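One-letter residues, chain by chain:
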Amino acid sequence: MMSLALRTIIHLLLIAISSAWNIALEVITQVDSAIGGEPFSTQPSVIVTDKRGEHQSSFEGRVAVQLNQHPNETFEPVWKEGLAVPTSNTDTHVSQDVIHGRVDFYGLGINAAGNNQLRFTLFDEHDLIMATTIGDNFTVSVGGMHQLGLNTHPESAFGGAEFGIQPILSIQDRGGNIVEDVNEGVVTVSLQNGPEESSLHCSDTDGLVVPVKDGLATFKGLSLDEAAVEYSLHFSTDLNLEGASQLSSNTFSVGIGPAAKLDIVRDASDGSTIGGKAFASQPRVKVKDAGGNVLKFDSSSAVRISFYYNPTYGQISPSDETTAFLDEGIVQFKRLAIDRAGYGYRLKYEFLHFDGASLQETSIVTIGSCFSVDVGPPHRLSILRHSSGGWAGNQPFLIQPKVAIVDAGGNVVSSDSSSIITAHLTPSLATESKVIINTANDATPTVILAEFAQSIKEDGRTLYGPGDIIHIDLKFDQEV
């Protein structure tokens, strides 16, 4: 299809050619005023003349009518009742046949309010342009309220977040012009299409019902939780309108938004926990947007686990497992354990956002439930106090050894009062063994570097005397 600008240029060229012919077109009845969307109250009439102004009653052809628009203006058609409205993608405009050298138009109208001129083009029976003329200026005014219109459709929606583009509706005349003096009635919005359990929310308590002000009903704070496609909204007004009083928005999608909260699917508190042993219930966390949708497209960010409350100063191990990466929005921790037994432990979960280069701290945090770490079964012996102060001759140690049975976390198994611990004497190397290191054939070490210690270099002194300690670092060519 030719653009409006190209068609206009071709049209002007044809007009220039036709100017050489002895045919002209004259407007004998002008449009003096109009209302948007309604037929002109005075319909235009034109006659075919020669260049001297004499009526050419025998001329056969047709006259097309359109707005006299600049090529850069938005296309606005002249329509005729009962016919399809011309569009910018067609070369066909409203026309009527010439009868006895004259055309009396009927049923013509324009939708958009504003100042306009009509351009009339005369075609002969072979559809060649013979003449053109432009009518007087006239104004299309805004009419009375007729219908409900949707000026701005909802767009840019993410789960749980307010729409990036909120819907705006208007009370319009027949031509779709906003009737700005309407300050009555309300417009109500509801969810028309979407997942079965989804619902429309608004940050304003009464935001689903908006009053009409200056002809507009502007919604704010609308949102949907569940990420899905093919959503649509329904709007209705309580005003008594001759035209449409309810309508639907275009379909739109709600995408998964940025991380907004952490949902603990499984916590350490959901199972038994004993000192030094992996939690029976390893933590599992879902990262969700504000609408509760799991960030299934995120496998780069992470969740870090730490203590929120640590009653007995325990440690989480293994330390390199306390940060776990998302797998389609879900984190599964593995092999985590706490060493010290105690009551009232709570874990903290923190979301770390991957920005394309590294993990970044965020304020998205959630806290697990309280749980206890119990003392586990006997796992090993722990020497609480070594013996010392012994003398030969079977004399008792001045300080006797103290040994405990502990679990995997090093907690004393205080419930065990039946086990027996036996102490055995291990021969001392000092009395029972002789160790000889033969260096006779070893290479003689050589000093390869000798320099003052860094402390000497930096003390700023130039003289040293008796009693000064001078540190010199020596480096040998082998271990000495």
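In this report, the structure presented in the accompanying data block is examined. Predicted, not measured: the structure shown is a model, and the values here were computed from it.

## Focus: the overall build of the chain
Link 1 in the chain: Of the regular secondary structure elements, the chain holds three helices and 37 strands.
Link 2 in the chain: For 480 residues, the compact-globule formula gives about 23 Å, and the C-alpha radius of gyration of the chain, at 46 Å, lies well above that figure.
Link 3 in the chain: Expressed as lengths along the three principal axes of its C-alpha atoms, the size of the chain is roughly 150 × 65 × 45 Å.
Link 4 in the chain: Taking as baseline every contact in the chain between residues at least 6 positions apart, the subset at least 24 positions apart corresponds to 65%.

## A short note on a nonpolar patch on the surface
Link 1 in the chain: Judged by side-chain polarity, V447, F452, Y464, I470, I472 and L474 come together as a nonpolar surface patch covering roughly 540 Å² of accessible area.
Link 2 in the chain: Listed by contribution, the elements that provide at least two residues to the nonpolar patch are β36 (447-452) and β37 (472-476).
Link 3 in the chain: Along the chain, I470 falls in the loop between α3 (454-458) and β37.

## Here's the deal with the sheet that holds strand β15 (residues 168-172)
Strands belonging to one sheet form pairs held by backbone hydrogen bonds; the direction of such a pair is parallel or antiparallel.
Link 1 in the chain: The sheet built from three strands is open, its strands ordered β13-β15-β19 with antiparallel pairing. Each of the sheet's edge strands pairs with one partner strand only, and the pair in question is β13 (147-152) and β19 (216-218). Geometrically, the sheet is characterised by an average inter-axis angle of 25° between neighbouring strands, direction not taken into account.
Link 2 in the chain: Note: β13 against β15, five bridges, orientation antiparallel. Looking across to β15, one finds that L148 is bridged to I171.

## Some points on the side chain of S232
Link 1 in the chain: With respect to the secondary-structure elements, S232 resides in strand β21 (residues 228-237).
Link 2 in the chain: In terms of polar contacts, S232 uses its side chain to reach the side chain of N193, at 2.9 Å.

## Focus: unusual backbone geometry
Link 1 in the chain: Cis geometry marks the peptide bond from S317 to P318; its omega dihedral reads -10°.
Link 2 in the chain: Positive phi, close to 55°, is recorded for Y313, a residue that is not glycine.
Link 3 in the chain: Following the sequence through the fold, Y313 ends up in the loop between β26 (302-309) and β27 (316-317).
Link 4 in the chain: Since its relative accessible area comes to 69%, Y313 is described here as exposed.
Link 5 in the chain: A positive phi angle is found at R335, which is not glycine, with a value near 60°.
Link 6 in the chain: Along the chain, R335 falls in the loop between β29 (330-332) and β30 (337-338).

## Section: the packing of aromatic side chains
Link 1 in the chain: On inspection of all chains with the given rule, the structure shows nine aromatic pairs.
Link 2 in the chain: Following the ring pairs from residue to residue traces out a cluster consisting of F279, F307, Y345 and F371.
Link 3 in the chain: The ring of F123 carries R62 above its face, with NZ or CZ at 4.1 Å from the centroid.
Link 4 in the chain: Positioned above the aromatic ring of Y106, the side-chain terminus of K80 is 4.0 Å from the ring centre.

## Describing the pairing of β26
Link 1 in the chain: Where β26 lies against strand β28 (residues 323-325), three bridges are found, and the strand directions are antiparallel. Residue R304 lies in a different strand from β28, and its bridge partner there is T323.
Link 2 in the chain: Across seven bridges, β26 lies against strand β31 (residues 342-354) in antiparallel orientation. The residue bridging V303 from the neighbouring strand is F351, located in β31.

## So, the pattern of salt bridges
Link 1 in the chain: Applying the stated criterion across every chain, the model contains 10 salt bridges.
Link 2 in the chain: Between D104 and R102 there is a salt bridge, with the nearest N and O atoms lying 2.9 Å from each other.
Link 3 in the chain: When its relative accessible area of 38% is taken as the criterion, D104 is described as partly exposed.
Link 4 in the chain: Salt bridges sharing partners connect three or more residues here, namely E38, R174 and E242.

## Some details on the environment of S253
Link 1 in the chain: With respect to the helices and strands, S253 occurs in strand β23 (residues 252-255).
Link 2 in the chain: In the structure, S253 is positioned 21 residues away from S232 in sequence and 8.7 Å away in space, judged by C-alpha atoms.
Link 3 in the chain: What S253 contacts, discounting residues up to four positions off in sequence, is A157, A228, V229 and E230.

## Notes on the sheet that holds strand β24 (residues 261-266)
Link 1 in the chain: Overall, antiparallel pairing links the three strands, which are arranged β24-β25-β29 in an open sheet. Because the sheet does not close on itself, it has two edges, and the strands there are β24 and β29. Recorded for the sheet is a direction-independent mean angle of 20° between the axes of neighbouring strands.

The rules behind the values
Residues numbered from 1 in each chain as written. Predicted model: local features only at pLDDT ≥ 70, side-chain atom pairs only at ≥ 80, totals over all residues. Heavy atoms only, no water. Helix = DSSP H or I, 4+ residues; strand = E, 2+ residues; numbered from the N terminus. Rg over C-alpha atoms; globule rule 2.2 N^0.38 Å. Contact = heavy atoms within 4.5 Å. Patch = residues over 30% accessible without salt bridge, like charges linked within 9 Å, V, L, I, M, F, W, Y side chains within 5 Å. Areas by Shrake-Rupley, 256 points an atom, 1.4 Å probe, with all protein chains shown as cover. Salt bridge = Lys/Arg side-chain N within 4 Å of Asp/Glu carboxyl O. Pairing = 2+ DSSP bridges. Axes fitted to C-alpha atoms, helices over the stretch in contact; angles between N-to-C directions. Polar contact = N/O pair within 3.5 Å; in protein donor to acceptor, adjacent residues only side chain to side chain. Buried < 20%, exposed > 50% of the residue type's maximum accessible area, 1.4 Å probe, protein only. Phe/Tyr/Trp six-rings, centres within 6.5 Å; stacked < 30°, edge-to-face > 60°. Lys NZ or Arg CZ within 6 Å of the ring centre and 35° of its normal.

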